[in-house]
Amino acid sequence: MNHATILLIKFVTCLIAFGIGLDLFFDATIVDIVSFSLFVTIVSYAVGELVILPQLGKRAAAVADFLLTYLSVWIFGSFLFESYLQVAWGSIISAVIITGAEVFVHLFVAERQHTPSPSRRRGPVLNSRLAFGTEMAEEENLKDLSNTFKKNEENKK
């Protein structure tokens, strides 16, 4: 799949999510919405799509997208917005919307790239070349051991 198409889909998704999460319920400017959208789009694509999705799979990429969106709005929103409620609810609403959309983006990307799932790429869990065995021995008679120990003590004196 074309990288520009993925970036465009992610950017439009972020614009809609931040428009709902930050501007619909609270008063955020268009500059705030576009700047948050650009930041989350670029970092989410670099981290989520290029690193986490091929290595760990769709679920881990969705969790990473949620955390990235939530933390970016929480951290940067605390500097830009005066209202604590705007930062708290805006980060939660935006993160949920973006994560919901990213699930479909990850399905679309995985379908187009035909990447094998992480469980299929891993080798066998048990290495068949290693030989594991159980070591068994006969139990010693305790009387024989105590007699042997006494004889060794007497010989040392």
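As shown above, the structure is provided for reference.
Overview of the structure. Only a predicted model underlies this, so the values are computations on that prediction, with no experimental measurement involved. (Residues numbered from 1 in each chain as written. Predicted model: local features only at pLDDT ≥ 70, side-chain atom pairs only at ≥ 80, totals over all residues. Heavy atoms only, no water.)

A short note on the overall build of the protein
Now for step 1: Within the protein, the regular secondary structure consists of six helices and zero strands.
Now for step 2: When the helices and strands of the protein are read in sequence order from the N terminus, they spell out α-α-α-α-α-α.
Now for step 3: The burial tally for the protein puts 29% of its 157 residues in the buried class.
Now for step 4: A separation threshold of at least 6 residues defines the contact pool for the protein, and within that pool the share at least 24 residues apart is 73%.
Now for step 5: Carbon and sulfur atoms make up 64% of the accessible area of the protein, which totals about 11100 Å². (Helix = DSSP H or I, 4+ residues; strand = E, 2+ residues; numbered from the N terminus. Buried < 20%, exposed > 50% of the residue type's maximum accessible area, 1.4 Å probe, protein only. Contact = heavy atoms within 4.5 Å. Areas by Shrake-Rupley, 256 points an atom, 1.4 Å probe, with all protein chains shown as cover.)

A closer look at the packing of helix 1 (residues 3-24) against helix 2 (residues 30-56)
Now for step 1: Closest axis-to-axis distance for the helix 1/helix 2 pair is 8 Å, and the angle between their directions is 135°. Accordingly, the angle class assigned to the pair helix 1 and helix 2 is oblique. Both helix 1 and helix 2 take part in a crossing whose hand is right-handed. In contact with His3, Ile6, Leu7, Lys10, Phe11, Cys14, Leu15, Phe18, Gly19, Leu22 and Asp23 of helix 1, helix 2 contributes Ile33, Val34, Phe36, Ser37, Leu38, Val40, Thr41, Ser44, Tyr45, Glu49 and Leu50.
Now for step 2: When its residues are assigned to classes, the contact of helix 1 with helix 2 shows 14 nonpolar, five polar and three charged. (Axes fitted to C-alpha atoms, helices over the stretch in contact; angles between N-to-C directions. Parallel < 35°, antiparallel > 145°, perpendicular 65-115°, else oblique. Left-handed = near helix turned anticlockwise from the far one by under 90°. Nonpolar A, V, L, I, M, F, W, Y, C, P; charged D, E, K, R; others polar.)

Points about the nonpolar core
Now for step 1: Counting 13 residues, the largest nonpolar core has Phe18, Leu22, Phe36, Val40, Phe81 and Ile98 as the members making the most contacts within it.
Now for step 2: Broken down by element, this core gets its largest block of residues, four residues, from helix 1.
Now for step 3: Beyond its immediate sequence surroundings of up to four residues, Val40 is in contact with Cys14, Phe18, Tyr45, Leu68, Thr69, Ser72 and Ile98.
Now for step 4: Of all hydrophobic cores here, the second largest spans seven residues; its members include Ile6, Tyr45, Leu53 and Val109. (Core = buried A, V, L, I, M, F, W, Y, C linked by side-chain atoms within 4.5 Å.)

Here we look at the environment of Ala95
Now for step 1: Following the sequence through the fold, Ala95 ends up in helix 4 (residues 84-113).
Now for step 2: Along the primary structure Ala95 and Val63 are separated by 32 residues, whereas in three dimensions their C-alpha atoms are 10.0 Å apart.
Now for step 3: Once residues within four sequence positions are removed from consideration, Ala95 is found in contact with Phe66, Thr69 and Tyr70.

Some remarks on the packing of aromatic side chains
Within a pair of aromatic rings, the relevant descriptors are the distance that separates the centres and the angle that separates the planes.
Now for step 1: As enumerated under the stated definition, the model contains four aromatic pairs in all.
Now for step 2: With centroids separated by 6.1 Å and ring planes inclined at 5°, the aromatic side chains of Phe66 and Tyr70 adopt a geometry described as stacked. Pair noted here: Phe66 and Tyr70 are both in helix 3 (residues 58-80), with a separation of four residues, about one helical turn.
Now for step 3: Given the relative accessible area of 24%, Tyr70 is considered partly exposed.
Now for step 4: Site record: aromatic cluster; members linked through ring pairs are Phe66, Tyr70 and Trp74. (Phe/Tyr/Trp six-rings, centres within 6.5 Å; stacked < 30°, edge-to-face > 60°.)

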